[in-house]
Amino acid sequence: MGREDWTSRLVGVSRARDAAWRLLEQGADALRAAVEAVRLLEDDPQFNAGVGSALNRDGFAELDAAVMDGETLGFGAVAAVRDVKNPVLLALEVLNSEHVLLAGEGASRFARERGLPACDPRELVTERQLERWTAARRRALEERSGTVGAVVLDAGGRLAAATSTGGMVDQRVGRVGDTPLPGAGTYAEAGLGAVSATGHGEFLARALASYRAAASLGDRSPQEALRAALDAVGRLGGSGGLILVDARGRVAWAQTTPEMSVAWRTPADEGAQMREGA
Ligand code: ASP
């Protein structure tokens, strides 16, 4: 990725952070703020979520997204959805239903029932992802980046996490990664923290990376908790990136993937950063 891309990604994550913060100031809860941040990132074509998602082997985007409310341990997710522009909004609808995860055609039908319009799958395809897809088909391309996530603690002490992805470039049709699995790519629990993950989904899922980070907060600092989770992913042979806010409002992020852009805000400070991984 060139430096210009870094700058515009930082603008993207900062914009999402500011929108979430404004909602919190207006009294919205953590869940609503996390969903709004991820919705904006899905609409930003430079990230691998919503418009601009990685394309699967057939050249379509198949989207996964999840939301979790730390207060109730409510979880809602969708997987392998092809015709929904903002899968994070559909994940929220699933959270507000009797289900935890809906996939494919059934998820699309549920979207219509809940009033989320169908989009033409071609609307999700960008020039950049088409180029990556073509390159991936020529040689096994190992680059994968741009999954989006948000973690929020609100003034009432409520924690929430939201994650959205197009998965991995040239992935098998129907392949689902860590993002929509509770505790793998997305996790929030009152008293602990909220975590969202990016990286190689199969490894993050087997390591239960997000849950592992949140659960190890008790005796570790946020940074150490993330390291412990990424070490577990690494021991399986994978790499990842994690963002976290704990129940005390401490924020942390860590990655073993090549690049990750983050923007954060707390009552004490704010910033945005592009980091190259270890
Ligand atoms: N974690 C996502 C997946 O495996 C991909 C990514 O984060 O880039 O589906």
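As the structure is a computational prediction, the values presented were derived from the model and not from experiment.

## Regarding the sheet that holds strand S1 (residues 63-69)
Sheet strands associate in pairs through backbone hydrogen bonding, adopting either a parallel or an antiparallel arrangement.
Thinking step 1. On the basis of which strands lie adjacent, the open sheet formed by 5 strands has the order S3-S2-S1-S5-S4 and mixed pairing. A single partner strand is all that each edge strand has here, and the edge strands are strand S3 (101-103) and strand S4 (148-153). Here the average twist between neighbouring strands, direction ignored, is 5 degrees.
Thinking step 2. Two elements, strand S2 (residues 74-81) and S3, share 3 bridges in a ladder whose sense is parallel. Note on S3: the bridge partner recorded for Ala 79 is Ala 103.
Thinking step 3. Across the sheet, helix H4 (residues 104-113) is in contact with S2 and S3; its angle to S3 comes to roughly 105 degrees.

## Let's talk about the site of the ligand
Thinking step 1. The immediate surroundings of the ligand are formed by Thr 147, Thr 165, Gly 167, Met 168, Arg 175, Gly 177, Asp 178, Thr 198, Gly 199 and Gly 201.
Thinking step 2. Thr 147 has a polar side-chain atom sitting 2.7 Å from an oxygen atom of the ligand.
Thinking step 3. Contacts to the ligand include Gly 201, whose backbone N or O atom sits 2.9 Å from an oxygen atom.
Thinking step 4. Protein coverage of the free-state accessible area of the ligand, which is 270 Å², stands at 100%.

Criteria and thresholds
Residues numbered from 1 in each chain as written. Predicted model: local features only at pLDDT ≥ 70, side-chain atom pairs only at ≥ 80, totals over all residues. Heavy atoms only, no water. Pairing = 2+ DSSP bridges. Helix = DSSP H or I, 4+ residues; strand = E, 2+ residues; numbered from the N terminus. Axes fitted to C-alpha atoms, helices over the stretch in contact; angles between N-to-C directions. Contact = heavy atoms within 4.5 Å. Near = heavy atom within 4 Å. Polar contact = N/O pair within 3.5 Å; in protein donor to acceptor, adjacent residues only side chain to side chain. Areas by Shrake-Rupley, 256 points an atom, 1.4 Å probe, with all protein chains shown as cover.

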